[in-house]
Amino acid sequence: MSEPGNAVNRLAGELARIAGAPVELERPSKSEHGDYATNVAMRLAPQRGRSPRELAEELAGQVVELPAVERAEVAGPGFLNLWLTDAWFGEALAEIAAAGGGYGSGSAETPQQVQVEMVSANPTGPITVASARNGAYGDAVARLLEFAGNTVEREYYYNDAGAQMERFRASVEARRRGEEPPEDGYHGEYVEELAQLEGDPVTPMLERIEATLERFRIHFDSWALQSALQERLAEVLPLLPTYEKDGALFVRSTEYEDEKDRVLVRSPERGGLPTYEAADVVYLRDKLERGFDRVIYVLGADHQGVRGWYEVIARMLGYDPGRVEVLLYQLVHLSRGGARSKMSKRRGDVVFLDELLDEVGVDAARWYLISRDHDQTIEIDVDLAAEKSQKNPVYYVQYAHARIAGILRNAEGAAESPEPRGPLAREEKELVKRLAEFPALVADATERRAPHAIPTYAIRVADDFHRFYHEHRVVGGGESEAFRLTLSRATQAVVARSLDLIGVEAPARM
């Protein structure tokens, strides 16, 4: 993916032309060290036979000739620190304001047709919080990919046949007869509820799953059935290098970098039915034949062992394995008062998503399920997530958006302009620089499939805005009012987009 051009990139490009090498700009940890800094002199010095400080001093004398640079100083072993003109901040803000909600979009060099398959929990019960992390993470990745310019389809694959489904149906049938479900069956109030309905319980269970996910702001474009895919196994088997052993049908997957040959059809003694691996083969072929440039599987960490299996399938079928991507996520735990909590009233060993949503709301649930790296286990403090105060990070960020909305309502009809009318204050510059980070940050989050970077960034934007607002009057700010209104509106757009990318609403009032 390419990083969308913005004021920071253009400045880096101008510096690169002077240095004769690529330049990366970073924000110093302290504003007194400049607006931006680069280590380009330290990187170039060895190959040019110069000392880093000497080269940095030379570059400093050249870069101050740029319209954007007010002054440049050399620090430490050869860092080049830059202070930028108010005019540069005005131009950067004008760009952000003009783009509005589209600021930072379009980072995909070549837009693709992408399918994200997520959740895909067996319809043997309501969606759990564990599966909700799958959905929240997968949907945020899909939103990032769409924002980058790709076309994305969300799909849910469910197993409607096999031993688990038979135990589920048997459990409901037992309840219909007034009996206890089998010991290895399914228990809980929802089984009793399904027993009151006629027909196959899978259908109403799927309807409930879909309704829960819609409530959770995940809309699926398509649903795939394992039973339907298994019926197409016969047309796929001739395409594979198979052999029989002990009555079972194997595929020579080790010839395609697999760790072992896989069973596709069990022996008659073991039921003679296709395996999950066989369904995987048919399903992946179906995905790629539908024309997706990239197919993404979102799976729990317990699927680590089969992570490479999908690439093996692609190789066996003659597809580019680079079109297949597997994203794994870790477990979710809930806590109350610092202690692990089992919140479910229906089953003691699981927490359903609907219960969490009833407790903390959709916004908090989405935020907390995405706010940590998917490679890390999440511990959600339910008490904090339910709290309507600025100690709750999602509420804190939403409050910044609502506060700006209130400012803009009060200023309705007032002139706005990104052009500074007087010397800019430190808080104004810091906020512009924070907003200017968004294109690079969102492009990187998309590339790394790391949506957890978005809520972290949103908190920093809210921090910077609250500091700016505390120190400076916006409405009634004299000659600075027009600039500060534009800065506030640009901040509102970036906060709203950040929240939308993780499926959280941006309220105008709180």
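Presented here is an overview of the structure given in this document. Quantities reported herein were computed from a predicted structural model and do not represent experimental measurements. (Residues numbered from 1 in each chain as written. Predicted model: local features only at pLDDT ≥ 70, side-chain atom pairs only at ≥ 80, totals over all residues. Heavy atoms only, no water.)

1. Side note on the packing of aromatic side chains
Under the defined criterion, the tally for this structure stands at 16 aromatic pairs. With centroids separated by 5.4 Å and ring planes inclined at 80 degrees, the aromatic side chains of Tyr-156 and Phe-220 adopt a geometry described as edge-to-face. Taken together, the residues span a long stretch of sequence, with Tyr-156 in strand 5 (residues 151-158) and Phe-220 in the loop between helix 8 (202-215) and strand 6 (222-225) at a distance of 64 residues. Given the relative accessible area of 6%, Phe-220 is considered buried. Three or more aromatic residues link up through ring pairs in this structure, and these residues are Tyr-156, Tyr-158, Phe-220 and Trp-223. Directly above the ring of Trp-83 sits Arg-71, whose terminal nitrogen or CZ lies 3.8 Å from the centroid. (Phe/Tyr/Trp six-rings, centres within 6.5 Å; stacked < 30°, edge-to-face > 60°. Helix = DSSP H or I, 4+ residues; strand = E, 2+ residues; numbered from the N terminus. Buried < 20%, exposed > 50% of the residue type's maximum accessible area, 1.4 Å probe, protein only. Lys NZ or Arg CZ within 6 Å of the ring centre and 35° of its normal.)

2. Regarding the sheet that holds strand 1 (residues 36-38)
Within the open sheet, the 3 strands sit side by side as 1-3-2. Their pairing is antiparallel. The open sheet is flanked by strand 1 and strand 2 (69-75), the only strands paired with a single partner. The mean angle between the axes of side-by-side strands here comes to 25 degrees, regardless of whether they run parallel or antiparallel. Sitting on the sheet, helix 3 (residues 52-63) is in contact with strand 2 and strand 3 (79-84), with an inclination near 175 degrees to strand 2. (Pairing = 2+ DSSP bridges. Axes fitted to C-alpha atoms, helices over the stretch in contact; angles between N-to-C directions. Contact = heavy atoms within 4.5 Å.)

3. Here we look at the sheet that holds strand 13 (residues 339-340)
The mixed open sheet is built from 3 strands, whose spatial order is 13-12-14. Of all strands in the sheet, those bounded by a partner on one side alone are strand 13 and strand 14 (378-381). In the sheet, strand 12 (residues 332-336) pairs with strand 13 via 2 bridges, with the strands oriented antiparallel. Opposite Ser-335, over in strand 13, you have Arg-340 as the bridge partner.

4. Details of helix 14 (residues 362-370)
Of all 9 residues making up helix 14, 9 are buried, and the element is well covered by its neighbours. Among the residues making up helix 14, those that are buried are Val-362, Asp-363, Ala-364, Ala-365, Arg-366, Trp-367, Tyr-368, Leu-369 and Ile-370.

5. Observations regarding the pattern of salt bridges
Following the criterion strictly, the structure yields 49 salt bridges and no others. Here Arg-53 makes a salt bridge to Glu-57, at a shortest N to O gap of 3.8 Å. In this pair, Arg-53 and Glu-57 both sit in helix 3, 4 residues apart, roughly one turn of the helix. The exposure class of Arg-53 is partly exposed, given its relative accessible area of 36%. With relative accessibility at 45%, the residue Glu-57 sits in the partly exposed group. Across the pair Lys-429 and Asp-86 runs a salt bridge whose closest N-O atoms are separated by 3.7 Å. With a gap of 343 residues between them, Lys-429 in helix 17 (residues 426-436) and Asp-86 in helix 4 (residues 86-99) connect regions that are remote in the sequence. Through salt bridges with shared partners, a single ionic network connects Arg-27, Asp-35, Glu-430, Lys-433, Arg-434, Glu-437, Asp-464 and Arg-467. (Salt bridge = Lys/Arg side-chain N within 4 Å of Asp/Glu carboxyl O.)

6. Observations regarding the packing of helix 19 (residues 453-471) against helix 20 (residues 481-501)
In contact at an axis separation of 10 Å, helix 19 and helix 20 are set at 160 degrees when each is read in the N-to-C sense. With respect to each other, helix 19 and helix 20 are oriented roughly antiparallel. You can see that helix 19 and helix 20 cross each other, and the crossing is left-handed. When helix 19 is examined against helix 20, the residues Ile-454, Tyr-457, Ala-458, Val-461, Phe-465 and Phe-468 are found in contact with a partner set consisting of Arg-484, Leu-487, Ser-488, Thr-491, Val-494, Val-495 and Ser-498. (Parallel < 35°, antiparallel > 145°, perpendicular 65-115°, else oblique. Left-handed = near helix turned anticlockwise from the far one by under 90°.)

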